[in-house]
Amino acid sequence: MGDLGFGQPRDGVMQMAYIVEDIRASIAYWTEELHVGPWFLLDSFTGRHPVYRGEPSRAEVSIAMSFAGHMNIELIQPKDGHPSVYRETLEQRGYGFHHFGVCTDDIDTAIADLEAKGLTLAFRAGVGSGGDVAYMDGGIAKPGMTELIEYTPGMDAGFTAMWRASRDWDGTDPVRPFGARPADAG
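By convention here, each chain's residues receive numbers from 1 onward along its written sequence. Reporting of local features is limited, given that this is a predicted model, to residues whose pLDDT is at least 70; pairs of side-chain atoms are given and counted only at 80 or more, and all residues count toward the totals for whole chains, interfaces and linings. Hydrogens and water molecules were not included; the side-chain quantities draw on all heavy atoms of the structure.

A. Highlighting the overall build of the chain. In this description a helix means any DSSP run of H or I spanning at least four residues, a strand means any run of E spanning at least two, and both kinds are numbered starting from the N terminus. The helix and strand inventory of the chain stands at four helices and eleven strands. The globule rule is 2.2 Å times the number of residues to the power 0.38, and the radius of gyration it is compared with is taken over C-alpha atoms. The C-alpha atoms of the chain give a radius of gyration of 15 Å, which matches the 16 Å a tight globule of 186 residues would have. C-alpha atoms of the chain, sized along the principal axes, occupy 45 × 40 × 30 Å. Any residue under 20% of the maximum accessible area for its type is buried, any over 50% is exposed, and the rest in between are partly exposed; the area is computed with a 1.4 Å probe on protein chains only. In the chain, which comprises 186 residues, the share counted as buried stands at 51%. In the chain, the proportion of contacts linking residues at least 24 apart, taken out of those at least 6 apart, comes to 66%. As displayed, the chain offers around 8,700 Å² of accessible surface, 51% of which is attributable to carbon and sulfur atoms. For the purpose of charge, His is not counted, nor are the chain termini; Lys and Arg are scored as positive and Asp and Glu as negative. For the purpose of locating charges, the reference atoms are NZ of Lys, CZ of Arg, CG of Asp and CD of Glu. With 15 positive and 27 negative side-chain charges, the chain shows a separation of 1 Å between the mean positions of the two kinds. Throughout, a contact is declared for two residues whenever any of their heavy atoms are within 4.5 Å. Per-residue accessibility takes into account occlusion by the displayed protein chains alone, with areas from the Shrake-Rupley method and a 1.4 Å probe.

Laid out in structure tokens, this is it:
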């Protein structure tokens, strides 16, 4: 299957995501304390045709992404009180780790495979890279959810561009626009 353009195995964990109370304060922590950056910020994300636990979703979040080595780091700040995979995690565990992101070539098959292992589809939405993302919930006993990130050339190019920016980052311009319309995160 090979590696993604940013060096992670195409069939392995490529992302670790955290729910944060204040995205800008969290970016400042990651840049100042951990020297991770630059961050690509999307102030408003809902996804295309978002479905949460079988119902249309209206939840909105801010998202920021960067790289620590070859691992994508995602920060997510819920922006409203609508039901979502983020709100339910906040209620169960508070702020902190939310999910592992895993690339998949066939999201429908990957969902079915994880459902056969006892996980539940909690959220699915289209993203700007041309594919979908799907959050699979394994329950409170798991450290977090698994986000299936559908592989497309646009997905790989977008993540690879952020990774390249992190490799050459000199500490300046720590927050940059995501480069996509609000409903187009990827």
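B. Layout of the packing of aromatic side chains. Any two of the Phe, Tyr and Trp rings considered here, Trp counted by its six-membered ring, make a pair once their centres fall within 6.5 Å; the pair's planes then place it as stacked at under 30 degrees, edge-to-face at over 60, or tilted in between. The tally for this structure, following the rule as stated, stands at eight aromatic pairs. Judged by centre distance (5.7 Å) and plane angle (75°), the ring pair of Tyr18 and Phe97 falls under edge-to-face. With Tyr18 in strand E1 (residues 13-19) and Phe97 in strand E7 (residues 96-104), the pair connects residues that are 79 residues apart, well separated along the chain. Both rings, one in Tyr86 and one in Tyr135, keep their centres 5.8 Å apart while their planes meet at 85°; by these two values the pair is edge-to-face. One end of the pair, Tyr86, is in helix H2 (residues 85-93); the other, Tyr135, is in strand E9 (residues 132-137), with 49 residues separating them in the sequence. The two residues Tyr86 and Tyr135 agree in class, both being buried. Every member of this aromatic cluster is reached through a ring pair, and the members are Tyr18, Trp30, Trp39, Phe97 and Phe100. In this arrangement the basic side chain of Arg10 is found over the ring face of Tyr151, its NZ or CZ atom lying 3.6 Å from the centre. Look at NZ for Lys and CZ for Arg. If either is within 6 Å of the ring centre and within 35 degrees of the ring normal, a charge sits over the ring.

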